[in-house]
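# Descriptive structure summary
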Amino acid sequence: MNIKIGFEIHQQIATRRKMYCNCPTNYQEVLPNTNVCPICTGMPGAKPLPPNEQAVAAAIEIALMLGCKIVTGQTIYIQRKHYDYPDLPSGYQRTSLPIACDGELQGVRIREIHLEEDPGQYDPVAGTVDFNRSGVPLVEIVTEPDMKSPEEARKFLRILTRVLEYTGKVRPEAGGAMRTDVNISLEGGGRVEVKNINSVKGAYRALKYEIIRQREKLKRGETVRRETRAFLESQMITVPMRAKETEEDDRYIPDPDIFPLILEDKRVELARAKMAEPPHLRERRLIEKYGISRAAAEVIVSERELADFYEAVAKEADPKLAASWFRTKLKKVLNYMKLRAADIRFTPAQMAGLLRMVKSKRVTPEQAELVLRELAKRPADPQELVLELGLIPIEKSELKAAILKVLEENERAVEDYRAGKREAINFLTGKVLGMLKGRADPRKITKYIIDVLEKRRS
Amino acid sequence: VVQGTLEKVSAIQRGDLLAVENVGTFLDLIQKNDKKINSFLELNRGAQADAEAVDRRIKRGEKVGKLAGLVIGVKANINVIGLRASCASRTLENYVSTYDADVIKRVRAEDGVIIGINNMDEFACGSSGETSAFGPTENPAAPGHIPGGSSSGGGAAVAAGFCDLCLGTDTGGSIRNPASHCGIVGIKPTYGLVPRQGLIDLGMSLDQIGPLAPDVGGAALLLETIAGKTQNECVLLDVSEVSYVERLKDDGIKGMRIGVSPKFAEIADPAIMRVIDEQVEKLRDLGGEIVEVDLPNLEKAMPAYYLIVSVEFFSGTRKFDGRKYGKRIEDVCGEEVLRRIVRGRYISQKEYRGKYYQRALQVRTLIRHELMAALQQVDVIVGPTVPKLPHRLGTKLTPMEMYAYDYLTIPVNMAGTCAGVVKAGTINGIPVGLQVQGKVLGELDVLRVMRSLEAAA
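Residues numbered from 1 in each chain as written. Chains lettered and ligands numbered in written order. Predicted model: local features only at pLDDT ≥ 70, side-chain atom pairs only at ≥ 80, totals over all residues. Heavy atoms only, no water.

## Details of the overall build of chain B
The helix and strand tally for chain B stands at 17 helices and 11 strands. Taken over the C-alpha trace, chain B has a radius of gyration of 20 Å; the compact-globule value for 457 residues is 23 Å, and the two agree within 12%. Here the C-alpha coordinates of chain B stretch approximately 65 × 60 × 45 Å along the principal axes. Considering chain B as a whole, with its 457 residues, one finds that 64% of them fall into the buried category. (Helix = DSSP H or I, 4+ residues; strand = E, 2+ residues; numbered from the N terminus. Rg over C-alpha atoms; globule rule 2.2 N^0.38 Å. Buried < 20%, exposed > 50% of the residue type's maximum accessible area, 1.4 Å probe, protein only.)

## Quick look at the interface of chain A and chain B
Between chain A and chain B, the contact holds 29 residues from the first and 39 residues from the second. The contact between chain A and chain B buries some 2700 Å² in all, and 55% of this surface belongs to carbon and sulfur atoms. Where chain A packs against chain B, one counts three salt bridges. Across the pair Arg196 of chain B and Asp257 of chain A runs a salt bridge, and its minimum N-O distance is 2.9 Å. Summed over the shared surface of chain A and chain B, the number is 19 residue pairs in polar contact (both at pLDDT 80 or more). Classifying every residue of the side of chain A that touches chain B by side-chain character gives 17 nonpolar, six polar and six charged. (Contact = heavy atoms within 4.5 Å. Buried area = accessible area lost by both parts, 1.4 Å probe. Salt bridge = Lys/Arg side-chain N within 4 Å of Asp/Glu carboxyl O. Polar contact = N/O pair within 3.5 Å; in protein donor to acceptor, adjacent residues only side chain to side chain. Nonpolar A, V, L, I, M, F, W, Y, C, P; charged D, E, K, R; others polar.)

## Structural notes on the nonpolar core
Within the largest apolar cluster, 139 residues are counted, with the highest numbers of intra-cluster contacts made by Phe123, Leu167 and Val382 of chain B. Looking at this core, the element that brings in the most residues is helix α11 (residues 301–316) of chain B, giving 11 residues. Excluding residues that lie within four positions of it along the chain, Leu167 of chain B makes contacts with Gly73, Val74, Lys75, Ile78, Val103, Ile104, Val107, Ile209, Gly210, Leu222 and Ile226 of chain B. Membership of the second largest hydrophobic core comes to 106 residues, among which are Leu105, Ile113, Tyr290 and Phe326 of chain A. (Core = buried A, V, L, I, M, F, W, Y, C linked by side-chain atoms within 4.5 Å.)

## Some remarks on the confidence of the model for chain B
Predicted confidence across chain B gives a mean pLDDT of 96, with 100% of residues reaching 70 or more. Across the predicted assembly, pTM comes out at 0.87 and ipTM at 0.93. (pLDDT = per-residue confidence, 0-100.)

## Thoughts on the sheet that holds strand β8 (residues 289–292) of chain B
Residues and elements named next belong to chain B. Pairing is mixed across the open sheet formed by 11 strands, whose spatial order is β1-β3-β2-β4-β6-β5-β10-β11-β9-β7-β8. Since the sheet does not close on itself, it has two edges, and those belong to β1 (40–43) and β8, each with one partner. Averaged over all neighbouring strand pairs, the angle between strand axes comes to 30°, with direction disregarded. Note: strand β9 (residues 380–384) against strand β11 (residues 430–438), five bridges, orientation antiparallel. When the bridges of β11 are listed, Gly383 appears paired with Gln435. (Pairing = 2+ DSSP bridges. Axes fitted to C-alpha atoms, helices over the stretch in contact; angles between N-to-C directions.)

## Topic: the packing of aromatic side chains
A full pass over the atoms with the stated rule returns 14 aromatic pairs over all chains. Measuring from centroid to centroid gives 6.2 Å for Phe7 of chain A and Phe156 of chain A, while their planes differ by 10°, and the two rings are stacked. Here the residue Phe7 of chain A occupies a position in strand β1 (residues 3–12), and Phe156 of chain A occupies one in helix α2 (residues 150–167), the gap between them amounting to 149 residues. Of the two residues, Phe7 of chain A and Phe156 of chain A, neither departs from the other in class, the shared state being buried. Plain terms: the ring middles of Tyr306 of chain B and Tyr403 of chain B are 3.7 Å apart, the flat faces sit at 15° to each other, and that makes the pair stacked. Of this pair, Tyr306 of chain B sits in helix α11 while Tyr403 of chain B sits in helix α15 (residues 399–403), and the two are 97 residues apart along the sequence. Every member of this aromatic cluster is reached through a ring pair, and the members are Tyr290, Phe309, Tyr310, Phe326 and Phe346 of chain A. Seen from the ring of Tyr204 of chain A, Arg154 of chain A lies directly overhead, with NZ or CZ sitting 3.9 Å from the centre. Just above the ring of Tyr405 of chain B sits the side chain of Lys388 of chain B; from NZ or CZ to the centre is 4.3 Å. (Phe/Tyr/Trp six-rings, centres within 6.5 Å; stacked < 30°, edge-to-face > 60°. Lys NZ or Arg CZ within 6 Å of the ring centre and 35° of its normal.)

## Examining the side chain of Arg343 of chain B
All names here are of chain B. Within the fold, Arg343 resides in helix α13 (residues 335–347). As a buried residue without a salt bridge, Arg343 has its nearest oppositely charged side chain in Glu336, at a separation of 4.9 Å. A polar contact of 2.8 Å, which involves the side chain of Arg343, links it to the side chain of Ser310. Sequence-distant contacts of Arg343, that is, excluding residues within four places in its chain, are made with Tyr306, Leu307, Ser310 and Tyr403. (Lys, Arg positive; Asp, Glu negative; His and termini not counted.)

## Some points on the side chain of Lys75 of chain B
All names here are of chain B. Here Lys75 is to be found in strand β2 (residues 71–75). Buried and without a salt bridge, Lys75 has Asp121 as its closest oppositely charged side chain, separated by 7.3 Å. Of the polar contacts made by the side chain of Lys75, one reaches the side chain of Thr169; its length is 2.7 Å. What Lys75 contacts, discounting residues up to four positions off in sequence, is Ile117, Asn118, Met120, Ala124, Ser150, Ser151, Leu167, Gly168, Thr169 and Ser174.

## Notes on a positive patch on the surface
Residue and element names in this part refer to chain A. Side chains of Lys361, Lys396, Lys400, Lys444, Lys447 and Lys455 sit close together on the surface and give a patch of like positive charge. Elements with a contribution of two residues or more to the positive patch: α13 (396–409) and α16 (442–457). Checked against the element boundaries, Lys447 lands in helix α16. By relative accessible area, which is 52% here, Lys447 ends up exposed. (Patch = residues over 30% accessible without salt bridge, like charges linked within 9 Å, V, L, I, M, F, W, Y side chains within 5 Å. Areas by Shrake-Rupley, 256 points an atom, 1.4 Å probe, with all protein chains shown as cover. Charge placed at Lys NZ, Arg CZ, Asp CG, Glu CD.)

## Things to note about α13 of chain B
All names here are of chain B. The end-to-end C-alpha distance of α13, which contains 13 residues, comes to 18 Å, matching closely the 18 Å that a straight helix rising 1.5 Å per residue would cover. Buried within α13 we find Glu336, Val337, Arg340, Ile341, Arg343, Gly344 and Ile347. Taken end-on, α13 shows its buried residues confined to a sector of 165°, consistent with a single buried face. On its buried side, α13 packs onto α11, α12 (329–332), α14 (353–377) and α15. (Expected span 1.5 Å × (residues − 1). Arc of directions from axis to C-beta.)

## Let's talk about the pairing of strand β3 (residues 78–82) of chain A
All names here are of chain A. When you tally the buried positions in β3, you get four out of five residues, the bulk of the element. With five bridges connecting them, β3 and strand β4 (residues 92–96) associate as antiparallel partners. When the bridges of β4 are listed, His82 appears paired with Tyr92. As paired elements, β3 and strand β14 (residues 253–254) share two bridges and run antiparallel to each other.

## Comments concerning the environment of Glu241 of chain B
Take Glu241 of chain B: it is sitting in the loop between α7 (216–226) and α8 (245–248). Counting along the chain gives 14 residues from Glu241 of chain B to Ala227 of chain B, while the straight-line C-alpha distance between them is 7.8 Å.

## Points about the packing of α2 of chain A against helix α6 (residues 279–290) of chain A
All names here are of chain A. Put simply, α2 and α6 touch, their axes get as near as 9 Å, and they point 95° apart. Between α2 and α6, the angle is such that the two are roughly perpendicular. Residues Arg162, Val163 and Tyr166 of α2 form the contact with α6, whose participating residues are Pro279, His280, Arg282 and Glu283. Of the residues contributing to the contact of α2 with α6, the split by class is three nonpolar, one polar and three charged. (Parallel < 35°, antiparallel > 145°, perpendicular 65-115°, else oblique.)

And the structure:
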């Protein structure tokens, strides 16, 4: 069955000030209705200040990272979209005509990008409105209906989230920073829009539900009407929105209180030169430049700071070895310590030094991992850490002595091995490793034990 | 006895007249006569104290502002902290301003004393002063007649001698129309010259705040006080400092090119045209060069204006939804306000946009080009302000008859240019004002022409 899915995504832009006034934007951290002024509460007579330049710049950068063409050299009107709801202090929301269009991300076409302002927060139960959020800048991203399954849609949203985070220009914290409307149509049915979705998971579930609902309807020979529905997160279903909420005409008019935006080519080129490389393109470049695996590249670009760190390390150590370490051991250490790449305190040079020691076999990978853990706690020269941790490579004679001793003390295991039980080797290796307090490479130990035992047999 | 507003402010600055006396005289007059005129909705209890503060500073020899001790009334759609910006509507009857409009800040910075809030047509929707929810205002210059609107209270207060100056607003003629009917001076500044921050909207793309004054000097003084860019608003022209009063002293109008249009006689009452034509002859005598200009589409501005203003007014009044200010506007407003909201709601619908709103915007562009082209050939255009004399209070007019008052003033708002009104004469004792239209930021030329006529009267 042919399914078409598209998104309208609203993401808060991380600015210090609101879109059309100078109120701070940290609405979650303050008491209700304290970040407000006559402008963002729509007091009679209040007029907007000129649009927040930081927000405009962020929207341009986001659009560029999504491969959009920026609308330059022509007037971009800020429009008033009228609707009657308690969270909207002036009875209209300001939204720009597209500032960019015709982008693409992972095969999904981006139709257009707008600048908007957030309304306040209405609590229908208490009957109160908090206008702290009113006027916080938003970027609205509209896609073409290019996704064909909920899985594909979910993947797109995840990648999009990563791109947005990469810009460093969006509000990262959870709690309504990203809101999504999805539209979905099945072959033979009308286009259904679902609102009130606040997470990637929510979008996936709403889509799953809608496909079943619409498919069943079509199977029964009923028609799927074009309509707007609301997602109920708690029940994971969608319900029709009241006609009143959808039929109302928004009556767009250009806001007479704001000069239209005009974006100059020069400004866009400057932004393009300064912008971060989008993660999906960076992934491709890392694979080609360093010859690393897609799996490793994917992990490395998952955070912008991690990718920056990787490229710094790759300058001073084997990029392939570094990639496999980033993908496995470093990621493991960061996860264990609940750190983000941005929180890493040791330097790329220290990490590179450690990897060079691994490469030259001065330390075993297991030892190096211990060093890495220590590095994450207290940045230092890895050579010194090796010494401090007592991880000096041992002499061959000491290793040999230890093996002989272990074999002597564990005759039973030796016999098991002779009887064909391969696991016995692992047991013996562990014993040797324990005796040497981890100062030897377990692969080497195993190899020596086998050598000794085979020699004895012959 | 002081002659004009400029002389009065000098007398106060010198200490020859106390600001507190100035306020006291006006308060007495208001007490005595405003029951009948109904030009004030609320008086500022702090006015005396504000005036005393100015006097104290003068006594100590400190520098005071250019409006020192002058008494100023403010239209009820401009926010003055602590006073009711009711827009003469039940919707906002209990709305006490929490902030000062930018123009009020500037008036205060120059030591003007705000005496109170003037009556007006409800939400500035009206041309007669009769749509106020708090009763109509009477014309002190033509008793029994309307003062014109929508800055009805301001026009009447200045004409009645209740204050030195008033701040009015003009969206389609709301300063010039009462100035004409009341025989005083009024100026609609170039769109974007005066900040609107704190002005409650009628039509955001047309509204301007401007002065109402007994003389040209007073109008020039108040205008230069409130004009100029702020960082506090988007839609302002890049004009930093303006000075009219000093430059008005320079010279007359010798060699100025003064436009007239045969179109005016098609629209205005012949009796009014006779008064206007006399003034045109006077301007010729004063050395002006009279040039005929072509304004073929002038009368198209009015119907287009009422579409645009209705859409903008509809949008601007959505905040009066009954959640924050007591009653919902549609539930309590008068019929002209409701008419405009309903019209705005209707024509801004998606299916009618092309038919009405877009067409109206096209006409606006046409009018702007036409007026700009005419103003390329001349320095100013002079003509009548209103096509007919003010009707008697209580006369029933159809909406179209009421709108017809604005035929000659609306084009200026549509083009975003400036215009001033000065008394031209009287017909059976009823004042008639001459409208002087200027280019974008041509206020000084407009003031010069008005000053010359005033001096020659």
